[in-house]
Amino acid sequence: MNWLGFSLLSLGLWGVWGFLSKVATRCLPPQTAYLLAISGHLLVVAYLLLGPGVTLPRHGGGIAASVGAGVCMAVGLLCFLQALAHGQAAVVVPLTALYPVITVILSVVLLQESFTLRRLAGVTLAMGAVWLLSE
């Protein structure tokens with residue numbers, strides 16, 4: 001599968017993830033929903049560790065960035081579940097889905113990636129879409 005296939009699969013899975021997270025926080029405290037969601041992560045981790053050709057990297061910067069990404073993801077998920085427990089999924093999910101804007105800003109500023117007028121339009125339209133969905 002190419003990048004587009006994986007992107008569309010991610011889109012679908014994350015959409016279902018947002019919905020199921022709201023269902024979970026209607027029935028469980030956010031902390032409990034978080035712990036159970038992490039158990040789903042552990043199943044994927046076990047699969048990856050037991051898979052063929054798995055080697056542990058020896059690149060310090062890559063390891064630090066990966067662990068940092070994991071911490072950000074974990075704390076972000078806990079915050080997301082707290083938000084869902086107290087807010088409407090139709091508002092919380094689109095608002096938090098603006099996280100790529102942060103990625104774009106950090107990539108432009110720290111990695112010197114290009115930021116075109118077209119990308120500016122995309123970020124602006126995404127923010128407008130969230131505003132429209134939250135009204």
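Before any of the text, the structure's been laid out above.
Procedures and definitions
Just so you know, the residues in each chain are numbered from 1, in the order the chain's sequence is written. For a predicted model such as this one, the threshold for reporting local features is a pLDDT of at least 70, and the threshold for listing and counting side-chain atom pairs is 80 or more; totals across whole chains, interfaces and linings nevertheless cover every residue. For side-chain calculations, the full set of non-hydrogen atoms in the structure is used, while hydrogens and water are omitted. Helix and strand assignments follow DSSP, with helices taken as H or I runs no shorter than four residues and strands as E runs no shorter than two, numbered in order from the N terminus. Any residue under 20% of the maximum accessible area for its type is buried, any over 50% is exposed, and the rest in between are partly exposed; the area is computed with a 1.4 Å probe on protein chains only. Any two residues having at least one pair of non-hydrogen atoms within 4.5 Å are treated as being in contact. Helix axes use the C-alpha atoms of the stretch in contact, all axes being lines fitted to C-alpha atoms, and the angles between their N-to-C directions lie in the range 0 to 180 degrees. Oblique is the label for every angle not falling under 35 degrees (roughly parallel), over 145 degrees (roughly antiparallel), or within 65 to 115 degrees (roughly perpendicular). Note that Gly is not counted as nonpolar here; it falls among the polar residues with everything else outside the nonpolar set of Ala, Val, Leu, Ile, Met, Phe, Trp, Tyr, Cys and Pro and the charged set of Asp, Glu, Lys and Arg. The residues that make up patches have over 30% relative accessible area and no salt bridge, and they are joined within 9 Å when like-charged or within 5 Å when they are Val, Leu, Ile, Met, Phe, Trp or Tyr. Surface exposure here means Shrake-Rupley accessible area, sampled with a 1.4 Å probe, where a residue is shielded only by the protein chains that are shown. Salt-bridge detection follows one rule: a side-chain nitrogen of Lys or Arg within 4 Å of a carboxyl oxygen of Asp or Glu. Working rule for handedness: look at the near helix, and if it is turned counterclockwise from the far one by less than a right angle, call the crossing left-handed; if clockwise, right-handed. N or O atoms closer than or at 3.5 Å make up a polar contact, with two conditions inside protein: a donor-capable atom paired with an acceptor-capable one, and, for residues adjacent in sequence, both atoms drawn from side chains.

Looking only at helices and strands, the chain features six helices and zero strands. Going from N to C terminus, the chain has its helices and strands arranged as α-α-α-α-α-α. Considering the chain as a whole, with its 135 residues, one finds that 14% of them fall into the buried category. In the chain, of all internal contacts separated by at least 6 residues, the share reaching a separation of at least 24 is 68%.

Attention now goes to the packing of helix α4 (residues 89-96) against helix α6 (residues 117-134). Viewed as axis vectors pointing N to C, α4 and α6 meet at an angle of 170°, and their least axial separation amounts to 9 Å. Considered as vectors, α4 and α6 are oriented roughly antiparallel to each other. For the pair formed by α4 and α6, the contact residues are Ala-90, Val-91, Pro-94 and Leu-95 on the first element and Val-130, Leu-133 and Ser-134 on the second. Residues belonging to the contact of α4 with α6 are distributed by class as follows: six nonpolar, one polar and no charged.

What follows concerns a nonpolar patch on the surface. A contiguous nonpolar surface patch, about 810 Å² in accessible area, is contributed by Met-1, Phe-6, Leu-9, Leu-13, Trp-14, Trp-17 and Tyr-99. Within the fold, Leu-9 resides in helix α1 (residues 3-27).

On the secondary structure map, Ser-107 appears in helix α5 (residues 99-111). If near-sequence neighbours (up to four positions away) are discounted, Ser-107 is found in contact with Gln-112 and Glu-113.

This brings us to the packing of helix α2 (residues 30-50) against helix α3 (residues 60-86). Their axes nearest at 9 Å, the elements α2 and α3 cross at an angle of 135°. Between α2 and α3, the angle falls in the class oblique. Between α2 and α3 lies a crossing whose hand is right-handed. Of α3, the residues touching α2 (which contributes Pro-30, Gln-31, Ala-33, Tyr-34, Ala-37, Ile-38 and His-41) are Met-73, Ala-74, Leu-77, Leu-78, Leu-81, Gln-82 and Ala-85. When the residues that make up the contact of α2 with α3 are grouped by side-chain class, the tally is eleven nonpolar, three polar and no charged.

Structurally, the position occupied by Ser-21 is in helix α1. By relative accessible area, Ser-21 is classed as buried at 7%. Polar contacts involving the side chain of Ser-21 include one to the main-chain carbonyl oxygen of Trp-17, which spans 2.8 Å.

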